[in-house]
Every structure is written in structure tokens, then in C-alpha cells.
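Observations on chain architecture
The chain contents come next:
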Amino acid sequence: MLTLDPGRNAGSIAIEGLVKRFGPVRAVDDVSLDIRAGEFLALLGPSGSGKTTILMAIAGFEYPDAGRILLGGEDITWLPPNRRNLGMVFQRYTLFPHMSVLENIAFPLKMRGIGRAEREERARDALRTVQLEQMGARQPAQLSGGQQQRVAIARAIVYRPRVLLMDEPLSALDKKLREEMQIEIKHLQREIGITVVFVTHDQTEALTMADRVAVLDHGRLQQIGAPRDLYEAPQTEFVAGFIGETNFWSGTAAIAAARGEAVAVRLDGGGVMPATAVSPLPPGGRVRLALRPERLRIAAGGEGLEARVTEAIYAGNATTLMLQAAGGQMLRLRIPAGAGLPEAAVGEAVTLGWQAADARAFAVTP
Ligand SMILES: Nc1ncnc2c1ncn2[C@@H]1O[C@H](COP(=O)(O)OP(=O)(O)OP(=O)(O)O)[C@@H](O)[C@H]1O
């Protein structure tokens, strides 16, 4: 098994004030982030948000218009790609079709002038790491898509880079294989102790695999945090809408609130409901309120938001109710199975409620 020496900082990456323009497009717009050695960081965002451009700048295939990139404390911003010693795996299989699996994996070592015997030993070791030791003599075309991607990973780690850069490496695989590979790569990364920067537009993939996720939109870093922080404490409306499912309301703050304080929000469709202020809110300030479907509850009675059930979707582990609020707004409410929470049938009128801590109020900038 191939492992890296622990306790070294050589695999840390610091991105400072990175800017990259393509004509009028600011593909990367002043992004700063620190990636710890041995960390699995996902760059997540919609198409065109700048993920690949950041990865290419780390790899040395794009040079920035401003900012710096440090690898293990060393400024590598202007270093050519071949002097950065980073492993790379891309979306499409990039194996040499006329070489055997073992030759493919040994190739980067050959390019580095390493002798035949050592090449073979290290290639076998890398092949064992990705659990394909029996496949060394095959041609790439004789492997499944998932196996080919594993060979690509073995080839990327065979020269023991400190950092592995991956750009949508699983997007060509079918769903089941993709989910298996997510766990496998995560496991492998932990075992070798390598730093991984992983580009994806698939939020489930990012949340499943990464220690931390950096969410990008229009070239700007929206938030970086552990999957749980992003889901439970989104800092921007974009993150609240991009990660997981969210009900949104527009309204105004009924009172002033400091950041993190409870606030009453007067919803545009009617009703005054509690939330937590994500940033300071002036009284009467415009607000977007965000609430996860599983935090929306059917209240036992009393105060709340009036709504009618329009659809009930049973999915085994949970039931999702589609609701229409009195103001016309469509909502989703999720009831986990076995939680003993009140349910309701299609057509039924219900009162909805939630805790202030469960709803987030974002200030709307005019
Ligand atoms: N070589 C280039 N020339 C011109 N524009 C570019 C170039 N590369 C990227 N862009 C533009 O920069 C922006 C960011 O692109 P980038 O590929 O980094 O996004 P992404 O988040 O990786 O998107 P995707 O998920 O679609 O790959 C986009 O608007 C894109 O059109």
C-alpha cells in the first residue's frame, strides 16, 4: 500500500486573491482559500462558476491575472505544470489505449527516468492500492469504466504526489458505480493521506466525499465549510438554495435583529413567522427566509401558517407533502418515517410551524 509520510505540510495549498479573466468574463473573481495537507476539498458550483479554472490554475495550465497559489508554503503561481508534482485525473478516461494497464501506470515513472525494476514494483503497488492487482496485463479497452478510472487514479498517484487534482472524474459513470467509486476514492484518499481537490457540480457527491466544500457562483467563493455547516448554516441565499432542498419566502423583518438573533418575519403572503438573522437586519428590511422541508412541521394547533395539502409522496424512508399556503405559495414538508410526527392527507387543511433556529433570514440587498 502506497502511503505518504504523515506530519508534513507539503500538501497544503493556499490560494490568495485569485483572479482569472477570459475577455469580459471574470471566471475566478478574487477567490482565497486554504486547503490543509491531507484534506479532501470539493469545489462545488453550477456550470461556469469557475471550478475548473481554479483547478487549472493550481495545476499550472492557466496563469492568473492576479493572486498567488502556494503549495506547502512555496509560491508556485508561475511554475510550469511539470515542476509542480501534482497528480491529475480528469472526467474522460485518458489512458493510452495501446499500453497495458501496468505500462500505463508506470509511464509517469518512465518519464521521470526511473529504472525498469523500480517502475514495475511501484506500478504494481499503485495497482494494489486501487484493488486491481489482477488486471495489470490487460489493455484499457478490456476494463469497465470504473476500472479505467481506478487505473487513471493509480497512474496519478504512482509518483507519490502530495496533491491529487480531480475534475469530475466520475461523471461518465452510471449512478450505482459512481456512488461506489465515491466511497472508494474517499477511503483511498484517507489511507494514503493525500490532499485532494475535487471538482464537481453534484452536491451529493461533494457532501459525500469532502471534508470541506467550497461553494462557488459566478467565480466568487460563496462559502467554505464542512458538509454539515453548509447544509445547516448556509451563509448566503445562493448556498441555501444550491445545497439540499429549501423553501423560500420573501418578507420584511418585523423587528431589528443582530446577526444570529431570532427575528420575526412578516411574510409577503401573510403571517408572521420566526427565523434567525444570518446578517444584521433593520426593522422593515427586506428578507428572504429559507427553511428545509424536514424542519417544516404540522403544528398541533394554535398559531402558524395556514396551508392545504395538495400532494403526498410516500418514499419509504420519508413522506413528502406538497402544500399550498394561504398566500398561494407552494411548499414542501418532509416527515421522516418512524419519527411519530403528525401527518396529513391530500386536501386536508393544516397549520404549519417551525422553530426560529430552523429558519434562516437573509438580508436582501436592494
Ligand atoms: N479558455 C477559456 N476561454 C474563454 N472563456 C473561458 C475559458 N475557460 C473558461 N471560460 C469561462 O470562464 C467561466 C468559468 O469556467 P469554468 O470552466 O472554470 O467553470 P466550471 O465551474 O468548471 O464549469 P463546468 O462545470 O461547466 O465545467 C465560464 O464562463 C467559462 O465560459
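Residues numbered from 1 in each chain as written. Predicted model: local features only at pLDDT ≥ 70, side-chain atom pairs only at ≥ 80, totals over all residues. Heavy atoms only, no water.

For the protein chain, an unreviewed UniProt entry supplies the name Spermidine/putrescine import ATP-binding protein PotA and the organism Teichococcus oryzae. UniProt's Function (unreviewed entry) comment on the protein chain is quoted here verbatim: "Part of the ABC transporter complex PotABCD involved in spermidine/putrescine import. Responsible for energy coupling to the transport system." UniProt lists a comment for the protein chain under the heading Sequence similarities (unreviewed entry), and it reads "Belongs to the ABC transporter superfamily. Spermidine/putrescine importer (TC 3.A.1.11.1) family." (UniProt positions renumbered as here; feature names shortened; annotations may be inferred.)

Looking at the ligand, the residues that line it are F22, V25, A27, P46, S47, G48, S49, G50, K51, T52 and T53. In this structure, an oxygen atom belonging to the ligand sits 2.6 Å away from a side-chain N or O atom of S47. Within the contact set of the ligand, an oxygen atom lies 3.0 Å away from a backbone nitrogen or oxygen of G50. Relative to its unbound accessible surface of 630 Å², the ligand loses 58% to contact with the protein. Sorting the residues of the shell around the ligand by element identifies β2 (25–35) and α1 (51–59) as the ones contributing at least two each. Tallying contributions element by element places α1 first for the shell around the ligand, with three residues. In terms of residue class, the shell around the ligand is made up of four nonpolar, six polar and one charged. (Near = heavy atom within 4 Å. Polar contact = N/O pair within 3.5 Å; in protein donor to acceptor, adjacent residues only side chain to side chain. Areas by Shrake-Rupley, 256 points an atom, 1.4 Å probe, with all protein chains shown as cover. Helix = DSSP H or I, 4+ residues; strand = E, 2+ residues; numbered from the N terminus. Nonpolar A, V, L, I, M, F, W, Y, C, P; charged D, E, K, R; others polar.)

The next thing to look at is the domain arrangement of the protein chain. A common measure of how large an interface is: the accessible area buried when the components associate. Here the protein chain is partitioned into domain 1 (13–233) and domain 2 (245–363). Summarising the inter-unit geometry, the C-alpha centres of domain 1 and domain 2 are found 39 Å apart. Opposite the four residues of domain 1 that make contact, domain 2 presents four residues. Interface area, domain 1 with domain 2, both sides summed: about 360 Å², of which 32% is carbon and sulfur. Between domain 1 and domain 2 we count zero salt bridges in total. The interface formed by domain 1 and domain 2 includes two residue pairs in polar contact (both at pLDDT 80 or more). Across the side of domain 1 that touches domain 2, the residue classes break down as three nonpolar, no polar and one charged. (Domains from an automatic or database assignment. Contact = heavy atoms within 4.5 Å. Buried area = accessible area lost by both parts, 1.4 Å probe. Salt bridge = Lys/Arg side-chain N within 4 Å of Asp/Glu carboxyl O.)

On to the sheet that holds strand β19 (residues 349–353), then. Read from one edge to the other, the open sheet built from five strands follows the order β15-β19-β16-β17-β18, with strand pairing classed as antiparallel. Bordering the open sheet on either side are β15 (297–298) and β18 (330–336), each of which pairs with just one other strand. Where β15 and β19 come together, two bridges link them in antiparallel fashion. Within β19, the residue paired with I298 across the bridge is L352. (Pairing = 2+ DSSP bridges.)

In this section: helix α4 (residues 145–157). When the terminal C-alpha atoms of α4 are compared, their 19 Å separation across 13 residues agrees well with the 18 Å that a helix rising 1.5 Å per residue should span. Burial analysis of α4 places 12 of its 13 residues in the buried class, which makes it a mostly covered element. Those residues of α4 lying buried are G146, Q147, Q148, Q149, R150, V151, A152, I153, A154, R155, A156 and I157. Looking at the buried positions of α4, the neighbouring elements they touch are β6 (86–89), α2 (101–111), α3 (116–129), β7 (163–167) and α5 (175–192). (Expected span 1.5 Å × (residues − 1). Buried < 20%, exposed > 50% of the residue type's maximum accessible area, 1.4 Å probe, protein only.)

Membership of the largest hydrophobic core comes to 46 residues, with the highest contact counts inside it found for I105, I153, L164, M166, I185, V213 and V215. It is α4 that provides the largest number of residues to this core, a total of six residues. When sequence neighbours within four positions are dropped, the list of residues in contact with V215 reads L44, R220, L221, Q222, Q223, L230, F238, V239, F242 and I243. One finds W249, L267, A275 and I335 within the second-largest nonpolar core, a separate group that totals 30 residues. (Core = buried A, V, L, I, M, F, W, Y, C linked by side-chain atoms within 4.5 Å.)

Residue-level pLDDT values for the protein chain average 92, and 97% of them are 70 or greater. Here the prediction assigns the complex a pTM of 0.89, and the interface score ipTM is 0.95. (pLDDT = per-residue confidence, 0-100.)

Before going further, it helps to spend a moment on the side chain of K51. As for its position among the elements, K51 is in helix α1. One polar contact links the side chain of K51 to the main-chain carbonyl oxygen of P46, over a distance of 2.9 Å. The residues touching K51, leaving out its near neighbours within four places in the chain, are L43, L44, G45, P46, E168, V199, T200, H201 and L216.

A regular strand carries its side chains on alternate faces of the sheet. Judged by how many residues are buried, β19 sits mostly within the fold: four of five residues are covered. As paired strands, strand β16 (residues 305–314) and β19 are joined by four bridges and run antiparallel to one another. In the sheet register, A307 faces β19, and the bridge partner there is V350.

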